[in-house]
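So the chains spell out like this:
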2 protein chains.
Amino acid sequence: MTASCQWQTQHLQNKLFQPDVVVIGSPKPEEIHFNCIETSATVISCFHMNLGKHNPPYQDLQYSDKLFGEDVGHLAAALQMQNVIKSCKQWIQAQQYKKWNLRCLKLQPLSPVPSDIEISRAQSPKAVNVLAKEIGLLADEIEIYGRTKAKVRLSLLERLKEQPDGKYILVAGITPTPLGEGKSTVTIGLAQALTAHERVNSFACLRQPSQGPTFGVKGGAAGGGYAQVIPMEEFNLHLTGDIHAISAANNLLAAAIDARILHEGTQSNKALYNRLVPLINGMRRFSAIQFARLKRLGINKTDPEMLTTDEISKFVRLNIDPSTITWQRVLDTNDRFLRKITVGQAKTEKGFFRQAQFDIAVASEIMAILALTDSLADMKERLGRMVVASDKTGQPVTAEDLGVTGALAVLMKDAIKPTLMQTLEGTPVFVHAGPFANIAHGNSSVLADKIALKLVGEEGFVVTEAGFGADIGMEKFFNIKCRASGLVPNVVVLVATVRALKMHGGGPNVTAGAPLSKEYTEENLQLVADGCCNLQKQIQIAHLFNVPVVVALNVFKSDSPAEIDLVCKIAKESGACDAVPCNHWALGGKGAVDLAQAVKEASNQKSNFRFLYSLELPIVEKIRSIAQKIYGAQDIELSPTAQSKIDVCTCQGFGNLPICMAKTHLSLSHQPEKKGVPTGFILPISDVRASIGAGFIYPLVGSMSTMPGLPTRPCFYDIDLDPVTEQVKGLF
Amino acid sequence: MTASCQWQTQHLQNKLFQPDVVVIGSPKPEEIHFNCIETSATVISCFHMNLGKHNPPYQDLQYSDKLFGEDVGHLAAALQMQNVIKSCKQWIQAQQYKKWNLRCLKLQPLSPVPSDIEISRAQSPKAVNVLAKEIGLLADEIEIYGRTKAKVRLSLLERLKEQPDGKYILVAGITPTPLGEGKSTVTIGLAQALTAHERVNSFACLRQPSQGPTFGVKGGAAGGGYAQVIPMEEFNLHLTGDIHAISAANNLLAAAIDARILHEGTQSNKALYNRLVPLINGMRRFSAIQFARLKRLGINKTDPEMLTTDEISKFVRLNIDPSTITWQRVLDTNDRFLRKITVGQAKTEKGFFRQAQFDIAVASEIMAILALTDSLADMKERLGRMVVASDKTGQPVTAEDLGVTGALAVLMKDAIKPTLMQTLEGTPVFVHAGPFANIAHGNSSVLADKIALKLVGEEGFVVTEAGFGADIGMEKFFNIKCRASGLVPNVVVLVATVRALKMHGGGPNVTAGAPLSKEYTEENLQLVADGCCNLQKQIQIAHLFNVPVVVALNVFKSDSPAEIDLVCKIAKESGACDAVPCNHWALGGKGAVDLAQAVKEASNQKSNFRFLYSLELPIVEKIRSIAQKIYGAQDIELSPTAQSKIDVCTCQGFGNLPICMAKTHLSLSHQPEKKGVPTGFILPISDVRASIGAGFIYPLVGSMSTMPGLPTRPCFYDIDLDPVTEQVKGLF
C-alpha cells in the first residue's frame, strides 16, 4: 500500500467513523468510476454506499480539480480516482470478517463476590461507539443512546449478506427450581470466556427484562456476579425504550377497539361514513388503509360517492362482538389491581362498559412479533394481521381492519433495532425483545441473532438464551424461532446445578425467600445421582432435534468436588458431548474457559438439525407430539373449549401455525410439584388461543398469570438514587 | 499562540469532543501542576476536570517520559506541562461565552407551503453532536440519542455558574380560538430569526407534546410550516423517553398504593412486620427508607426487635382511606374507556375493588415536578413529598410513606436532562417537560431554561413558551415557574391572529374541523377593531407584572394589509413596545426578523419584574387576586367542597403554596363562549386540589378532562411507515 493510499484509507475510515459528515457531490463522477471497477457486486455496492453517503474520495477530487484548473483537472481526477478505488477495495476487504481487535476490560474478581450492582459499578464500560467500531460496525449503522447503549440498524444485514454466519449456540436449562439455575450468567460468562480469554469473536444475545419485576420481587436480569451486562442499571431500566414503544402500540390498538365499538354503537351508517370519509373542500377521499379494507370486503370502487347503502354499511361497521375481545391493555408495572377491571364507566362512554384486564407489557403479542420478525416490512405485515376479536358473524377482526397498522409500525420503528451493550469484560451483547415464555415463545429476537451471526463471522460464536427449562424454551426455540428465522443451531449448552438436580432426586421443596434445607448445603451424592434423570431427559430432548449438547454445571460454593464429578460423569454417559463445571459467577470469563473450549469442540460436529413436527399436521397432532415426545405425557386431553377453539382456528385458516405451549416451567409435566421425569400423565389442555400476528397457536395447560403483583415488601424499598453521584443503589 | 500551543489546544479540543477517550494516569502529576497554576478557581476546576476525565496533556507527558528516559523525563514533563497549562487556559477562555460559530441550515421556502412533515423531511438536520459543539457544550455534557437528539447533563450548570444569563423571552398568546394561534411557531420562528438571520445566540425552549393526541385529533406539536423543530417525527414520537419514564414512575406509585391497602387489609400487624422487616440470617434490619418513616413517626429506635406492639402497629399500617385516594394511573394514549374504571376485581385481590381512573400521562404530578425542579436532589424531595391520599385520621399519606421515593427518582434519573434538538434552520432547541396547562402550570422546564440561559450567554436570548392564553399560561409562568426558578423575564411576546381578534370582536363560532365563515376569510376591519379589546387586556395583564410586551401578529394568507396595520396600531396604542406582523410559517426565520429586532429593542428596557401576589396571603385571597386582577371577575364563589378543601390544605400546612387555576383557555372567564373581555362575572370554584410535590394548589373552575378520546376517524388513519425508506407519513 502506498503512503497516499494508506492516508486515504485512513482518512476514509476516520470519515466513516465520525457520527456526521457533510454530504457533498453530484452523482456524475460516481457513474464514471463505476465503469472502471472490475470487481464483484459487493465491492461496487459498498463503494457506492460510501460515495453516496460520505463521499470522501469525491471531496478530494473536487479539491484537485480546483488546484490544477479544469483542463488538467480531469486527468488528475482520473489518476486520483484510481488510488481511491484501490483504497476503497482495501477498505472493503477490511470490512469483511476478521478476528476482532477488541480491547477487553480486565477483571479482578473479589472474594466474597460483592453485590451485582457493586461489581457493575466498579467496571468502566467502553464507550459504545468504540465497541461498535471494534466489532466492525460502521458509523452509519449505529444510533447511540447515551454512552453505553446503541441501536444497530438493520441495513447491516444487507451489507454483510454474503458473509457466512458464525456458529449458533443455544443456552437452555434443566427443569429449574423457583430460584433459577443461571442460564443468563452462563450465556454471558460463555461469551466473556470465548472473546476475552479464547480470543474468538462472540456475541451474547439476551432478552430485555420487564421493568415491572425489577421493582417487585425478582430484581434485575443482567446476569450476576462477574458475568454481567454493564451498566446493569441501564440494562434493567428503560433501556432504549423498546418496551415503552410496545406498550404505546399495544394500548393504541386497545383504545381503538373500544372507541370503535362506542362510535359504531352510537351513530348511524350515514353519520359514520360522513366522519370516516369526510367532505374536505367538497371532496371525499379514501385513505390508503381504507382502500385496503374495501379490497378485503370485495368492493372495487375508488369514488366514495359511488358506494351503495349496503356497501357503506359493510365498510363502516366492524361489528365487533365485545365478548370476543382478546386484545388487552398493558403496563410495564406489577399492578395486581389491574388483573380484572371494568372499563367504560364514565358517562361519556354511554353505558358501553365491559370487563377487561391489563397484562404486563412483555406479555403483549407485539413483543412476540418483535422477537420473531426479520424486517420492517415483515413486522408491519404481522402487526396488521393481529386478530383482536371476532365480529358478530364469527369472522376475525384484525388491527388492519381498525386502520391502525401504519401507526403501530411508526411507534415500533426504532424498537425493531437491537440494542448493543457489553459484558463486564467488554465483549459485545445484544439485548432485544423479551416475550413471555409461557403464552409466548420466551426467546430473544431473530434480528439480534441474525445480525450477531454476521458480525462474528464464520469462525465466531453467537450465544443466545431460551427462557424456562429446555422442554419449553429450547423446544420453542427450535420449533418456532428457528422455523421463523431459518437459522440452524450448532450446539445446545444445557445448564444444570447441583441444587436443582438434588431437588429432582427427591430433595425438599425449594422456595424463593425461604432458607435452603441442609440437603442443599451439604454433600449428598445419592440425591444428585437420582436427580440426573431430569438432566438426561433434557439431553434426550435436544437429541430429538439432532443437536449436540454440552452440559454446563453452574457451580455453587456449597457443591462438593465429588458432586461436581458425578454430574459431569452422568451427563457424558447420557449422551452429552462434554460436561464441564463453570465458575463464571465468581471468576468471570476465566471461570468458563473450559465450557468455551467444550463448545468450540462440539460446534465442529456436523449439524443435522430437524424439527419435531411438520406444520401440516392438524393442531391436535402437533400438541400431542410435543406432549408425548418432549414432556413424556401418555396423551393429551382437550377441554370442550379447547376443542372448539381448535376448530375455529382451523376453519379460519390458522391450522398450520406452530404450537407455543403455555405450561409451567417447574416440571416436565403440567404439575409443578412433579419433579424428576414424570411419566404416564395426561396433559390437560384447558383452552387454546392464537397470536396470529406473531404466528403461533398457544394451548393453555392450566392458568397462566400475565400480571405479577407487588409483595408486602417490594424490591423498591431498597432502591435509591444518590443525587450527588447519580448512582443507583439497591438494584440486584 | 505558538504553533505547539495551537496544536495542543486543537488536540485537546478534538479529544474533548470525541465521545470517548481512554482514561489513563495517576493523580500525582495533576497535583504537582496545580501548584503552578496561579489562576482563578474556575480555571483550576475546569483544568482539573479535563485532566481527571480525559487527560490528554498527561498522555503526552507519559510519551515524552518514555522518549527521554526517566532522568530527563521529569524536566521534560515540567516544561511540557507549562505549555499544557497555557493551552488549557486558552481552551478554558474559549469555553466562556462567545458568539456561536453556528452553521445555519439554508431554507428555500416553497409556495404553496407543503405539509409539515414534507418540509421537515426535506431538510437534513446537523448531527446533534455537531450542534452541541457549536453552542459550547462539552462532549462530557451530552448523551446522544440517535442522530438528532441528545440529553444535556445538569453538570453544565455548575461549570457555567459564573456566566451571566442571557435575556429571557416569554411567548404567550391572546385568548385563542380552538384552532390555536401559533405560539409554538412564533417561538421557533423567533429563535430562527435571532440566530440564523440576526446572528445572535438564541435557544427555543419547548414543551414535549403528549403522544396520545398525535394519534387522536390534534396531530404533532413541533411548530409548523417553515418554523419547526426537526425531525418532527422524532419530536412527536417517544423523543428520549421522558413521558414513558413519567408513566412508569406514576404507575409504580399507583400500584404501590393498592397493593399496600390489600396487604394491610389481609394481614396481622405481626405478619406485616415479619414481611416488612424480615429475618435474614437471623437478623432484622430497617432499610434507609424505613428509618426515615420511623423518624417521622417519632420512633427513635434502630433495633427492629425493640419496637413495642403499638410502635409496630404505627409502623406497619399506613391506614390509607381508599375513598381519599387522589393518585391516578396514567397512559400516554387517548383512551376514553379508562376515564372511569373499577380496579381490583380479580379473586386474588380479595374484594378490595374500588373505582379509579386513568389520566393521560402528561397530567401526572410527576410531569409538573419535572417542569419545576432545578436539580436531582430537589426532584427527589418533591417526589417524596407528593400526597396520594389521606389516612383514616385525615393525615396526608405521601410517596415517601409508601417507601417508593428512591425508586421514583431512579426511574426519572434520565428524564431530568433536557433534550437538545434543532430548528429547520439548525438553531438549538430544548424540548423538556409538558405539564397540562389547566390542572398544572403548562410550561416547559425550569432546567431547560436555566441551561439555555447559560449557553446563550449575556448577549443571547432564550425564547420559552407558556401554554394557553396569557391569562393562564403567562400568569402561571410568572407566579409559579419564575417563583420556583428565581429567573426574571425580560420581554413578553404576545401572539395574536386576525382570526382570533375577529372572533373576540363578535365573529361567528370557530370550531375545529368545520370550514371558517366568510368573516374570517374576507376583510372586516370592524370585527378586528372590536376584538382588539382582548389583546389590550392581555397586554395589561403583562404590565401587572411590569414586563414589556411585543405583539407578534401571526399573519395568515387571508389577512388584508389594512387589518394587519390596524392590529399593530391598536397594539402600540395599548401599551405594547412594538407590534409586528410575522411570516415565519411561510418564510422561516426570515419572516420573523422584524419581530426579532423588536424583541432585541424591548429587551434593553430595565426589567422591574414583580409577582401578582404574596405567598403569605390566605389561599382564598390568592385565588381572588387572580380572578379579579387577571380574569376581570367581580368576585369568586367557593363551593362547600372547595371551602373545606382549602381549610384542610391550610391545616396541613400547605397554605402558602402558589395557585394554579384550572380554567378554560377559551375565555378570560370560566365560560368558553364569552369572548372579548367579559366583566362582572362571579368565578365559581367547584373544588380545590393540591399537587404538593410540584408545589401548588389547583382550584377547579368547572370540570377538566384529563383523558382525551379517539374520534370516529382518528389521525392514525393517515399515519404510515414506508418499510423500505423508513419514512413516516401522515404526521402533521
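Cut-offs applied
- Residues numbered from 1 in each chain as written.
- Chains lettered and ligands numbered in written order.
- Predicted model: local features only at pLDDT ≥ 70, side-chain atom pairs only at ≥ 80, totals over all residues.
- Heavy atoms only, no water.
- UniProt positions renumbered as here; feature names shortened; annotations may be inferred.
- Domains from an automatic or database assignment.
- Contact = heavy atoms within 4.5 Å.
- Buried area = accessible area lost by both parts, 1.4 Å probe.
- Salt bridge = Lys/Arg side-chain N within 4 Å of Asp/Glu carboxyl O.
- Polar contact = N/O pair within 3.5 Å; in protein donor to acceptor, adjacent residues only side chain to side chain.
- Helix = DSSP H or I, 4+ residues; strand = E, 2+ residues; numbered from the N terminus.
- Buried < 20%, exposed > 50% of the residue type's maximum accessible area, 1.4 Å probe, protein only.
- Pairing = 2+ DSSP bridges.
- 1 Å grid on protein atoms, 1.4 Å probe; cavity = no way out; pocket = protein on both sides within 12 Å on 5 of 7 lines; lining within 4 Å.
- Points joined across faces, edges and corners; volume = space filled by probe spheres on them.
- Nonpolar A, V, L, I, M, F, W, Y, C, P; charged D, E, K, R; others polar.
- Phe/Tyr/Trp six-rings, centres within 6.5 Å; stacked < 30°, edge-to-face > 60°.
- Lys NZ or Arg CZ within 6 Å of the ring centre and 35° of its normal.
- Expected span 1.5 Å × (residues − 1).
- Bend = angle between axes of the 7 residues up to and from the residue.
- Disulfide = S-S within 2.5 Å.
- Least-squares fit on C-alpha atoms with pLDDT ≥ 70 in both.

As annotated in an unreviewed UniProt entry, chain A is formate--tetrahydrofolate ligase from Geotrypetes seraphini. Listed in UniProt under the heading Pathway (unreviewed entry), the comment for chain A reads: "One-carbon metabolism; tetrahydrofolate interconversion." The UniProt entry for chain A carries this comment under Subunit (unreviewed entry): "Homodimer."

1. Quick look at the domain arrangement of chain A
All names here are of chain A. Along its sequence, chain A is carved into domain 1 (10–54 + 63–95), domain 2 (116–240 + 414–603), domain 3 (243–412) and domain 4 (619–701). One C-alpha centre belongs to domain 2, the other to domain 4, and the line joining them spans 27 Å. At the interface, 26 residues of domain 2 touch 22 residues of domain 4. A combined buried area of about 1,900 Å² lies between domain 2 and domain 4, and 71% of that area is made up of carbon and sulfur atoms. Along the contact surface separating domain 2 from domain 4 lie one salt bridge.

2. Examining the interface of chain B and chain A
On the side of chain A, 89 residues touch chain B, which itself brings 89 residues to the contact. Together, the buried faces of chain B and chain A total about 7,900 Å²; carbon and sulfur atoms form 62% of this surface. There are twelve salt bridges connecting chain B and chain A. Linking lysine 380 of chain A and aspartate 720 of chain B is a salt bridge whose minimum nitrogen-to-oxygen distance equals 2.9 Å. Our enumeration of links across chain B and chain A arrives at 43 residue pairs in polar contact (both at pLDDT 80 or more). Residue contributions to the side of chain B that touches chain A peak at twelve residues, all from helix H11 (residues 242–266) of chain B.

3. A short note on the pairing of strand E1 (residues 142–145) of chain B
All names here are of chain B. Judged by which residues are buried, E1 turns out to be covered on both faces: Ile142 and Ile144 on one side and Glu143 and Tyr145 on the other are all buried. In the sheet, E1 pairs with strand E2 (residues 149–152) via four bridges, with the strands oriented antiparallel. Looking at E2, one finds that isoleucine 142 is bridged to valine 152. Linkage of E1 to E2, two consecutive antiparallel strands, is achieved through a turn of three residues, within which glycine 146 is found at a positive phi near 70 degrees.

4. Thoughts on empty space enclosed by the protein
Inspection of the entire model under this criterion finds 15 cavities of 30 Å³ or more. Quantified by volume, the largest cavity comes out at close to 380 Å³. Considering the residues around the largest cavity, the lining is formed by 34 residues, among which Thr240 and Gly241 of chain A together with Tyr145, Thr240 and Gly241 of chain B are closest to the centre. For the lining of the largest cavity, the elements supplying multiple residues, two or more each, are helix H10 (232–236) and helix H11 (242–266) of chain A together with E2, helix H10 (232–236), H11 and helix H17 (405–411) of chain B. Among the residues making up the lining of the largest cavity, the classes are represented as 13 nonpolar, eight polar and 13 charged. Considering only enclosed or pocket space, the second largest cavity measures out at about 200 Å³ in volume. His244, Ser247 and Leu331 of chain A together with Ser247 and Leu331 of chain B are, among the 18 residues lining the second largest cavity, the residues nearest its centre.

5. A short note on the packing of aromatic side chains
In the structure shown here, the tally under the stated rule is 26 aromatic pairs over all chains. For the pair tryptophan 100 of chain A and phenylalanine 203 of chain A, a centre-to-centre distance of 6.2 Å together with 85 degrees between the ring planes defines the contact as edge-to-face. Placement of tryptophan 100 of chain A in the loop between helix H4 (56–95) and helix H5 (116–122) and of phenylalanine 203 of chain A in strand E4 (residues 202–206) is noted, with a sequence separation of 103 residues between them. Given the relative accessible area of 0%, phenylalanine 203 of chain A is considered buried. With 5.6 Å between their ring centres and 50 degrees between their planes, tyrosine 168 of chain B and phenylalanine 477 of chain B make a pair best called tilted. Placement of the pair is tyrosine 168 of chain B in strand E3 (residues 167–173) and phenylalanine 477 of chain B in helix H19 (residues 470–485), with a sequence separation of 309 residues. Just as tyrosine 168 of chain B is buried, phenylalanine 477 of chain B falls in that class too. Ring pairs connect the aromatic residues Tyr168, Phe477, Phe478, Phe545, Phe609 and Phe611 of chain A, which therefore count as one cluster. Positioned over the ring face of phenylalanine 611 of chain A is arginine 483 of chain A, at 4.3 Å from the centre of the ring.

6. Some remarks on H19 of chain B
All names here are of chain B. Here H19 spans only 19 Å end to end across 16 residues, well under the 22 Å set by a 1.5 Å rise per residue. Along its length, H19 reaches its greatest deviation from straightness, about 35 degrees, at phenylalanine 477. Extensive coverage of H19 is indicated by the burial of 15 of its 16 residues. Remark: glycine 486 follows H19 within two positions and exhibits a positive phi of approximately 80 degrees.

7. Considerations on unusual backbone geometry
Residue and element names in this part refer to chain A. The omega torsion across serine 111 and proline 112 is 0 degrees, close enough to zero to call that bond cis. Take proline 112: it is sitting in the loop between H4 and H5. Geometrically, the link from isoleucine 230 to proline 231 is a cis peptide bond, its omega value of -10 degrees lying close to zero. Note on placement: proline 231 falls in the loop between strand E6 (227–230) and H10.

8. What about the side chain of arginine 293 of chain A?
Residues and elements named next belong to chain A. Mapped onto the fold, arginine 293 is located in helix H13 (residues 288–296). You can call arginine 293 buried: its relative accessible area is 9%. At 3.0 Å, the side chain of arginine 293 forms a polar contact with the backbone oxygen of lysine 314. A distance of 3.5 Å separates the side chain of arginine 293 from the backbone oxygen of arginine 317, its partner in a polar contact. Setting aside its immediate chain neighbours within four residues, arginine 293 contacts Lys314, Phe315, Arg317, Leu318 and Asp401.

9. Focus: the state of the cysteines
One pass over the structure, following the stated rule, counts zero disulfides over all chains. Left unpaired, cysteine 482 of chain A is separated from the closest cysteine sulfur, that of cysteine 205 of chain A, by 13 Å.

10. Brief notes about the relation of the copies chain B and chain A
The transform that puts chain B on chain A rotates by 180 degrees and translates by 0.0 Å along the axis, for an RMSD of 0.1 Å. Both copies are brought into coincidence by an operation consistent with a two-fold rotation axis. Looking at the rotation axis and the C-alpha trace of chain B, the residue lying nearest is tyrosine 145 of chain B, at 2.1 Å. Of the residues that chain B buries at the interface, 100% are likewise interface residues in chain A, meaning the two copies contact each other through the same surface.

11. Details of the pattern of salt bridges
Under the criterion given, the structure shown has 76 salt bridges over all chains. Here glutamate 563 of chain A makes a salt bridge to lysine 502 of chain A, at a shortest N to O gap of 2.8 Å. Placement of glutamate 563 of chain A in helix H23 (residues 561–573) and of lysine 502 of chain A in helix H20 (residues 498–504) is noted, with a sequence separation of 61 residues between them. Like glutamate 563 of chain A, the residue lysine 502 of chain A is buried in the burial classification. Across the pair arginine 153 of chain B and glutamate 143 of chain B runs a salt bridge, and its minimum N-O distance is 3.6 Å. Separated by ten residues along the polypeptide, arginine 153 of chain B in the loop between E2 and helix H7 (155–159) and glutamate 143 of chain B in strand E1 bring together distant segments of the chain. In this structure arginine 153 of chain B comes out as partly exposed when scored by relative accessible area, which is 24%. In this structure glutamate 143 of chain B comes out as buried when scored by relative accessible area, which is 9%.

12. With respect to the pairing of strand E24 (residues 696–700) of chain B
Residues and elements named next belong to chain B. Most of E24 is tucked away, with five of its five residues classed as buried. Bridging between strand E23 (residues 687–691) and E24 involves five bridges; their strand directions are antiparallel. The residue bridging alanine 690 from the neighbouring strand is isoleucine 697, located in E24. Adjacent in sequence and paired antiparallel, E23 and E24 are bridged by four residues, among which glycine 695 carries a positive phi angle near 95 degrees.

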